[in-house]
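# Tertiary structure, described
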Amino acid sequence: MSRDVAHQVRDTIVMVKRNLLRIIRLPQLLFFSSVQPIIFLLLFTYVFGGAITRGTDIAYIDFLLPGVLVQTAVFGSTQTAIGLTEDLAAGVIDRFRSLPMARSAVLTGRTTADLVRNVAVTIIMLTVGSIIGFRIGGTVLEALLGVTIALLFGFSLSWAMAALGLWVKNAETAQTASFVLIFPLVFASSVFVPTASMPSWLQGFAANQPVSVVASTVRALMGGFPVGSLVLQSALWIAAILAVFFPLGVRIYRRAVGS
Amino acid sequence: MAEPSIVADSIVRHFGEVKALDGVSLSVESGTIYGLLGPNGAGKTTLIRVLTTLLKPDSGTGLVAGIDVVADPHGARESLGLAGQTAAVDEFLTGRENLEMVGNLYHLPSKDATSRADEVLERIHLTEAGGRPVSTYSGGMRRRLDLAASLVGKPEVLFLDEPTTGLDPRSRLEMWGLINELVDEGTTVMLTTQYLEEADRLADRIGVIDHGRLITEGTASDLKTKLGGDIIDVAVSEDDRDRTASILASVTDADAPWDETTFSFTIPAAHGAATLTEVVRKLDQAGIVPNDLALHRPSLDDVFLSLTGHATDGDAPATDQSPRSGRRRTASK
């Protein structure tokens, strides 16, 4: 049994390494996946920032940056779906499935590598953010907890995207489908603007959906505002998404290549 | 006799209405090459996928190196190697990194994974290119690397799904050479092919598969003898097709199969030249002038045509999942 666990851990490490090498050796992909959130950060700060924060008492960059960290994690999760569909199409997954390796390692390796990439992008974002004026309002530990929650939320969504990618089996469909799901969640949320400014019919959804909950949590932790039950709510969302999509992803993986 | 290395036992696998495998049984002796021959969509790839544990059969099972692939897929994977239709190697890794990764996934100690990768690279003559990313490799090199990846685990049984489809003639010869070397060292190989020449050249035994059923099997010469010696090809225009069919039926007492691609009938020449003379006389009496008329030794193309009623360029629905090479082979002479 412990030998199985050791194999599972080693297989996962091998797969993480493989996927990270892919990221490192496709420098354009890494470059643009870092530039995209930076552009969001700059655009929203300088183009919309003035209009958006009228009537609030915090600097827009301090409002925005935690939101963009969450947005980056959410958008980044689509890479999981795309990467898996590409492996599927290339027949690489057939090879893995014909090896005496742990079944879950292909998926865990993929989602973990995407988490590592997201850590790198987050560090870049924090650097750029601090250059243009972002400051944390509470303790460093609180801010780190906030960043960790954003990353874990992205990790949980990677599992949802893994399931989606293996289900649709095609990179273009995976990309389109994931954005159909993600855009409303990211934009009808408190990521870029306070939900109080939205029409009342939208507010109920916008204020309570997971992206908003996580964005508010990260924002409160990084800004040093009272967090109340937000950390717990975020943790529950992350746990719930993992509880549904981890087993679902593994199940679809087993069937994806077989049918 | 030694235990067979590969056994298929009444394997059935349907995809909805399509019977991809409709009860296939066969066995392959250790240290031999078994060639599965059939058109696109015949069920070759499905059979390989079942035997390599990628696909569960609806019923029946298979044994690889004595291990039941349905009951103990993990155990079977320890003994088998698979090289699929596409070169399943990572573009952005070097050749060596690809092989080391596979070695690690076989749970070799990492030092052994490295030395095994070098060993296998040398074997497929890619030692020099081993440090370059696969994206710089030619198609033939990728296929060889893919074969190499399937060798890392020193499998007793190797499954090769259309190992030479899409390769140029030189790369194909290299691949054949490699396969023969492996078998000389005791590996058992099952390969699929659409190329009759390939089955003829490589395989100790050939199984002809069509519409999910094994139609016949034997050595290449067995299959040729099944046709009873020489054969006659009669090419006629579409207008004369029906009348020619009935004339040929009267000569052989059997329906003559029509090949859409060559517009010709193929019949066994039971009495050699005498049969040919009879055909000529009867066609002449009916006022039919054939476009072509030839007596020759049967090729595997002819075997296939006479067994399945259609040429190897099959029109069966493509149930295989993997992307296909656009190249097809017709039953041209």
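Structure report, in brief. (Residues numbered from 1 in each chain as written. Chains lettered and ligands numbered in written order. Predicted model: local features only at pLDDT ≥ 70, side-chain atom pairs only at ≥ 80, totals over all residues.)

Facing the 21 residues of chain A at the interface are 24 residues of chain B. Secondary-structure elements contributing two or more residues to the side of chain A that touches chain B are helix H1 (2-25) and helix H4 (92-98) of chain A. The element that contributes the greatest number of residues to the side of chain A that touches chain B is H1 of chain A, accounting for eight residues. For the side of chain A that touches chain B, the class distribution of residues is nine nonpolar, four polar and eight charged. (Contact = placed C-beta atoms within 7 Å. Helix = DSSP H or I, 4+ residues; strand = E, 2+ residues; numbered from the N terminus. Nonpolar A, V, L, I, M, F, W, Y, C, P; charged D, E, K, R; others polar.)

With that settled, consider the sheet that holds strand E1 (residues 6-15) of chain B. Residue and element names in this part refer to chain B. Strand order in the open sheet formed by four strands is E2-E1-E4-E5, and the pairing between neighbours is antiparallel. Looking along the sheet, the strands with just one partner apiece sit at the ends: strand E2 (18-28) and strand E5 (67-68). As defined by bridge partners, E1 adjoins E2 across eight bridges and the pair is classed as antiparallel. Within E2, the residue paired with Val12 across the bridge is Asp22. The strands that helix H1 (residues 44-51) touches are E1, E2 and strand E4 (59-64); relative to E1, the one it contacts most, it runs at about 115°. (Pairing = 2+ DSSP bridges. Axes fitted to C-alpha atoms, helices over the stretch in contact; angles between N-to-C directions.)

Once that is clear, we can look at the nonpolar core. Val70, Ala150 and Val214 of chain A are the most contacted members of the largest nonpolar core, which totals 138 residues. In terms of residue count, the dominant contributor to this core is helix H6 (residues 140-168) of chain A (16 residues). Discounting residues that sit within four places of it in the chain, Val70 of chain A has contacts with Ala150, Phe153, Val191, Val211, Val214, Ala215 and Val218 of chain A. Within the second largest apolar cluster, 14 residues are counted, among which are Ile231, Val236, Ala256 and Phe265 of chain B. (Core = buried A, V, L, I, M, F, W, Y, C linked by C-beta atoms within 7 Å. Buried ≥ 20, exposed ≤ 12 C-beta atoms within 10 Å, placed from the backbone.)

Next up on the list: the packing of H1 of chain A against helix H3 (residues 95-105) of chain B. Interaxial distance between H1 of chain A and H3 of chain B falls to 9 Å at its minimum, and their mutual angle equals 160°. Classified by the interaxial angle, the pair formed by H1 of chain A and H3 of chain B is roughly antiparallel. Here H1 of chain A runs over H3 of chain B; the crossing is left-handed. For the pair H1 of chain A and H3 of chain B, the contacting residues are Asp11, Val14 and Arg18 of chain A in the first and Met101, Asn104 and Leu105 of chain B in the second. (Parallel < 35°, antiparallel > 145°, perpendicular 65-115°, else oblique. Left-handed = near helix turned anticlockwise from the far one by under 90°.)

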